[in-house]
Amino acid sequence: MAYERTLHHLDQIQDGDPEDIFGSAAHLGLEEWVVQAIIAHPGIAGDIGDVLKPEHFLDHFLSRAFAFVMRAGVQGRQVTASSLDSALGLHPWYRDKGGLDYLKRLCRDAVLSRDAGLTTESVIYAARSIVDAYLRREVILTARDVTGLARQQNELSGEELMARLEARILQARTATGDAELQDISAVMDELAAPRKERTGLLKTGFEKIDRVTGGHEPGELVLIGGRPGMGKSALGGCMTCNIAAAGSGVISLNGEMNTQQVARRMIADWCHARFDRAGPTYAQMRRGELEPAHEGMIAEARAALRQLPIRMIKRTGMTVGMIRSLLKRQKAAWHAAGIPLRAVFVDHVGLIRPDGRTRSRYEAQTEVSMAMKEIGDEVEVVMFGLAQLGRDIERREDKRPGLADFKDSGSWEQDADVVMSVYRDAYYAWQEKKPAKEIDIAEWEIRRASRDLETRLLKVREGQANQTCVLWADMARNAIRDEEPPVNFDF
């Protein structure tokens, strides 16, 4: 009887025969029996749908058959050899399996299993055994692949190999490749839930920008682009502190500045918020040119910043796999402490490498942008990517970036939910020669003294694009605000 054979298969697999995970008759018989069980009792589909997925099957033909009978079971339809033939007749393994004769036997054995007293518990037990075998295969095959790479003299460092191993195991364990359909009624229920019961949208702390975007949902990719010196790193740093100050965990991955440089900018920003222009610039801190009053200010800033849930890393040549591993580890650690990881800043995206080799930089950046979008959705965070735009902007009279200026950077502009550019006219005014005419000198001096930082929302997936938010910036102190702050004498 099919049911008795299955119990025997379960006993063999649970005894730990390593050959079972690579296609023994016992394991393949177990996969076949689960398909038969669902044909016999379509109602079981709802009970094992959260346990077993098509990708957990070793046999590709049975994987396709499982997907078909699961859909039929959920819909309450009875599966027959004829319906299976229509659905699977074009599968490349159809003839090898035995064609229609095999499908007739599958359905006939399903009836025998039902008559033998099949139970939901036994099917769930078998399904978990298939998942266990899948995970074991993934561990063994991944270890073999990475071991092979480790024995070769190639471009991958030991740390990169460890990250690749960890990423593949995590992917198998969490089934990140799942593509599931969500019923629209469930989506409506989520939207109707009271705001206090939902995590809420992530705000950057800049009201002008948040008003246009409406905030960000987990899984969104936000691209901030500009030429060097425009203030994109400063804007990203201020957003990092704003989000952390609101109680959310933030990770800052920097491929250019080291952690000390980033920390000095955060201290200068905090001191400006507390002590206005009496606070030190980050250049003064770097050179050690501090006034007596600065020591106390910096000590107060350090004490305040230590309380913020921010993690930083400086690493050149970082790969997508490394980032995925870092984020998952930190999310788990913060979750245990009751801190939600909600935002990740990458400065800048052009320094991130894909896990595999690519033929061109454009192709590499396309893979990275797609992976960043996937990681954001997988880890449930908002990914902020800072992008260095090309030199072609410098040849134009109007150097304000447009959406077209992102198109040479892979598919970042396409994958992003929000794209914003940053521009400071004062930066270019300081590079220009003093005008000869008196009438032009006044305008030139006004431009040089300007504190405006133009942030243009070039793309907003769920909002109105091409809006410019003019922020106030003290670049020497890495301080960016919605408006020019009033002079603070309270210190």
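If you're wondering where the values come from, they're calculated on a predicted model, not measured in any experiment.

The rules behind these values
- Each chain has its residues counted from 1, running along the sequence as written.
- Restriction of local features to residues with pLDDT of at least 70 applies here, the model being predicted, together with a cutoff of 80 or more for giving and counting side-chain atom pairs; totals for whole chains, interfaces and linings are based on all residues.
- Side-chain calculation: all heavy atoms of the structure are included, whereas hydrogens and water are not.
- Put simply, DSSP marks the helices as runs of H or I at least four residues long and the strands as runs of E at least two long, and each gets a number from the N terminus on.
- The contact criterion used throughout is that any non-hydrogen atoms of two residues lie within 4.5 Å.
- Surface accessibility in these figures is a Shrake-Rupley result with a 1.4 Å probe; residues are shielded only by whichever protein chains are displayed.
- The aromatic pairing rule takes the rings of Phe, Tyr and Trp, using the six-membered ring of Trp, and pairs them if the centres are within 6.5 Å, calling planes under 30 degrees apart stacked, those over 60 edge-to-face and the rest tilted.
- Between buried and exposed lies partly exposed: a residue is buried under 20% and exposed over 50% of the maximum accessible area for its type, with that area taken using a 1.4 Å probe on protein chains only.
- Charge over a ring is defined by NZ of Lys or CZ of Arg lying within 6 Å of the ring centre and within 35 degrees of the ring normal.
- Each pair of strands is called paired provided DSSP finds at least two bridges between the two strands.
- Among the buried residues, those of types Ala, Val, Leu, Ile, Met, Phe, Trp, Tyr and Cys that are joined through side-chain atoms within 4.5 Å form a nonpolar core.
- Expected helix span is taken as 1.5 Å per residue step, with the number of steps being one fewer than the number of residues.
- Summary of the metric used: pLDDT quantifies the predictor's per-residue confidence within the range 0 to 100.
- Throughout, the protein atoms alone are placed on a 1 Å grid, and a set of points is a cavity if a 1.4 Å probe fits but cannot get out or a pocket if it is open with protein on both sides within 12 Å along at least five of seven lines; lining residues have an atom within 4 Å of a point.
- Grid points are joined across faces, edges and corners, and a volume is the space filled by probe spheres set on the points.
- Under the convention adopted here, Pro, Cys and the residues Ala, Val, Leu, Ile, Met, Phe, Trp and Tyr are nonpolar, Asp, Glu, Lys and Arg are charged, and Gly plus all remaining residues are polar.
- Throughout this description, a polar contact denotes any pair of N or O atoms lying within 3.5 Å of each other; where both atoms belong to protein, one of them has to be capable of donating a hydrogen while the other can accept it, and for residues adjacent in sequence the pair is counted only when both atoms sit in side chains.
- To define axes, lines are fitted to C-alpha atoms, for helices over the stretch in contact only, and angles between the resulting N-to-C directions are given on a 0 to 180 degree scale.
- Here is the rule for angles: anything less than 35 degrees is roughly parallel, anything more than 145 is roughly antiparallel, 65 through 115 is roughly perpendicular, and the remaining ranges are oblique.
- A crossing counts as left-handed when the near helix is turned anticlockwise from the far one by less than a right angle, and as right-handed when that turn is clockwise.

Undergrad: I'd love a proper account of the overall build of the protein chain, names of residues and values included.
TA: Along its length, the protein chain carries 20 helices and 9 strands. Residue pairs at least 24 apart in sequence account for 73% of intrachain contacts in the protein chain once pairs closer than 6 positions are excluded. Entry remark: accessible area of the protein chain is about 25,600 Å², with carbon and sulfur atoms responsible for 50%.

Undergrad: Would you mind going over the packing of aromatic side chains in detail, with residue names and values included?
TA: For the structure on display, the rule yields 6 aromatic pairs. Pairing F57 with F66 gives two aromatic rings, centres 4.8 Å apart and planes at 35 degrees, and the pair type is tilted. Take F57: its relative accessible area is 5%, and that puts it in the buried class. Within the aromatic cluster, the residues linked to one another by ring pairs are Y423, Y427 and Y428. Between the NZ or CZ atom of R265 and the centre of the ring of Y282, over which it lies, the distance is 4.4 Å. Here the basic side chain of R448 rests over the ring of W430, its NZ or CZ set 3.5 Å away from the ring centre.

Undergrad: How would you explain the pairing of strand β7 (residues 452–460) if you had to name every residue and give the values?
TA: Two faces make up the sheet, and in a regular strand the side chains alternate between them. In terms of residue burial, β7 counts as a mostly covered element, since 7 of its 9 residues are buried. Where strand β6 (residues 418–423) meets β7, 6 bridges bridge the pair, whose relative direction is antiparallel. Looking across to β7, one finds that V419 is bridged to K459. Counted along the chain from β7 to the antiparallel partner strand β8 (residues 467–474), the turn is 6 residues long, and its residue N466 has a positive phi close to 60 degrees.

Undergrad: Account for the nonpolar core, with residues named and values stated.
TA: Counting residues in hydrophobic clusters, the biggest one holds 46 residues, and the most contacted among them are L235, M239, F384, M420 and I480. Core analysis: the next-biggest nonpolar cluster, separate from the first, contains 37 residues, A40, L62, A81 and A110 among them.

Undergrad: So what about helix α16 (residues 320–336)? Which residues, and what values?
TA: Helix length check: α16 (17 residues) gives 25 Å between terminal C-alpha atoms against 24 Å at 1.5 Å per residue, within 8%. The first or second residue beyond α16 is G338, which carries a positive phi of 80 degrees.

Undergrad: Break down the environment of I323 for me, with residues and values.
TA: Tracing the chain through its elements places I323 in helix α16. The exposure class assigned to I323 is buried, which follows from its relative accessible area of 0%. Along the backbone, I323 and V344 are 21 residues apart, and their C-alpha atoms lie at a distance of 10.0 Å.

Undergrad: How would you sum up unusual backbone geometry? Please name residues and give values.
TA: Going from D347 to H348, the amide bond is cis rather than trans, its omega being -5 degrees. You can see H348 is positioned in the loop between β4 (341–347) and α17 (361–379). You will see that N466, though not glycine, has its phi angle at about 60 degrees, which is positive. With a phi angle near 55 degrees, N478 is a residue other than glycine that sits in the positive phi range. As for its position among the elements, N478 is in the loop between β8 and β9 (479–481).

Undergrad: So what about the confidence of the model for the protein chain? Which residues, and what values?
TA: Low pLDDT marks regions whose predicted coordinates should not be analysed in detail. Considering every residue of the protein chain, the mean pLDDT works out to 80; 82% of them sit at 70 or more. Between residues 1–21, whose pLDDT stays under 50, and residues either more than four places distant or in other chains, the model counts 40 contacts. A low-confidence stretch, residues 175–179 stays under pLDDT 50, and its non-local contacts, those more than four residues away or across chains, total 5 contacts.

Undergrad: Explain empty space enclosed by the protein to me, using residue names and the numbers behind them.
TA: Applying the stated criterion across every chain yields a total of 4 cavities of 30 Å³ or more. If you add up the space inside the largest cavity, you get close to 150 Å³. Among the secondary structure elements, those contributing two or more residues to the lining of the largest cavity are α12 (232–245), β2 (249–254), α13 (259–275) and β4. Residue contributions to the lining of the largest cavity peak at 4 residues, all from α12. Looking at the lining of the largest cavity residue by residue, the class counts come to 5 nonpolar, 7 polar and 2 charged.

Undergrad: Describe in detail α12, supporting the description with residues and values.
TA: Working note: α-helix, 3.6 residues per turn, so residues spaced by three or four point in the same direction. With 14 residues, α12 extends 20 Å between its outermost C-alpha atoms, agreeing within 8% with the 20 Å of an ideal straight helix rising 1.5 Å per residue. Counting buried residues along α12, 11 of its 14 residues qualify, which places the element largely inside the surrounding structure. Of the residues making up α12, those classed as buried are K232, A234, L235, G236, G237, C238, M239, T240, C241, I243 and A244. Note on α12: the residue one or two positions beyond its end, G247, has a positive phi of about 105 degrees.

Undergrad: How would you explain the side chain of Q365 if you had to name every residue and give the values?
TA: Relative to the elements of secondary structure, Q365 occurs in helix α17. Residue classification places Q365 among the buried positions, given a relative accessible area of 5%. One polar contact links the side chain of Q365 to the main-chain carbonyl oxygen of V349, over a distance of 3.3 Å.

Undergrad: How would you explain the packing of α16 against α17 if you had to name every residue and give the values?
TA: Running from N to C, α16 and α17 point in directions that differ by 15 degrees, and their axes come no closer than 10 Å. With respect to their mutual orientation, α16 and α17 come out roughly parallel. As for the relative orientation of α16 and α17, their crossing is right-handed in sense. Where α16 approaches α17, its residues V320, I323, R324, L327, K328 and K331 are matched on the opposing element by V368, A371, M372, E374, I375, E378 and V379. Split by residue class, the contact of α16 with α17 holds 8 nonpolar, no polar and 5 charged.

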